[in-house]
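Observations on the model geometry
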Amino acid sequence: MNLPGQVRPCILVVDDEAPMRDVVVEILEDEGYAAASVANGADALRYLQHTSDLPAVILLDLNMPIMSGWDFRLAQLNDPRLAAIPVVAFSAGATVQRQAHNINAAGYLPKPVEYMELVRTIAALCAADV
């Protein structure tokens, strides 16, 4: 439970579609979470390697240019500092659940994201950090 004025754990949104990133960040911030966003896996790795405050959860689109979510996840799992951060696969298409399983994700959200499903998923993963 959060006390008044207390910010919930940070969520990193990784998605190549700026409008999608903006909507998700806005939802998370409306729910009291601190949120950051980047456009691809390479940007996500740079962000994570240069921050001292690691996010509680990473929302990860799997299909992105420059560095896909798949490639990001492999790099994340190979970095001991980043490996324990739970990832929620966040992608369009009917196979997102199977794709999430294939990258050992903590969960999945199909696009377009449903507000309450996003909030429930993040709340469940952040419960131990709150």
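Structure: above.
Right, let's walk through the structure included here. The structure presented is a predicted model; accordingly, all values stated were derived computationally and were not measured.

A separate point is the environment of Ile11. Along the polypeptide, Ile11 turns up in strand β1 (residues 8-14). C-alpha of Ile11 to C-alpha of Pro55: the two residues are 44 residues apart in sequence and 5.2 Å apart in space. With sequence-adjacent residues up to four places away left out, Ile11 is seen in contact with Leu28, Tyr33, Ala34, Ala35, Ala36, Pro55, Val57, Leu59, Ile122 and Cys126.

In this structure, Pro112 follows Lys111 across a cis peptide bond, with omega equal to -5 degrees. With a phi angle near 60 degrees, Asn104 is a residue other than glycine that sits in the positive phi range. By the secondary structure assignment, Asn104 is in the loop between α4 (96-102) and β5 (107-110). Note on Asn104: relative accessible area 58%, which makes it exposed.

As a further point, take the pattern of salt bridges. Per the counting criterion, the structure on display carries four salt bridges. When the shortest N-O distance is used, the salt bridge between Lys111 and Asp15 registers 2.5 Å. Taken together, the residues Lys111 in the loop between β5 and α5 (115-126) and Asp15 in the loop between β1 and α1 (18-30) connect sequence positions 96 residues apart. The class for Lys111 is buried, based on a relative accessible area of 13%.

Criteria and thresholds
- Counting of residues starts from 1 at the beginning of each chain's written sequence and follows it residue by residue.
- Restriction of local features to residues with pLDDT of at least 70 applies here, the model being predicted, together with a cutoff of 80 or more for giving and counting side-chain atom pairs; totals for whole chains, interfaces and linings are based on all residues.
- For side-chain calculations, the full set of non-hydrogen atoms in the structure is used, while hydrogens and water are omitted.
- In this description a helix means any DSSP run of H or I spanning at least four residues, a strand means any run of E spanning at least two, and both kinds are numbered starting from the N terminus.
- Two residues qualify as a contact provided that any one of their heavy atoms is within 4.5 Å of a heavy atom in the partner residue.
- Partly exposed describes any residue whose relative accessible area lies between the buried limit of under 20% and the exposed limit of over 50%, with all areas from a 1.4 Å probe on protein chains only and scaled to the type maximum.
- Salt bridge, as applied in this entry: a Lys or Arg side-chain nitrogen positioned within 4 Å of an Asp or Glu carboxyl oxygen.

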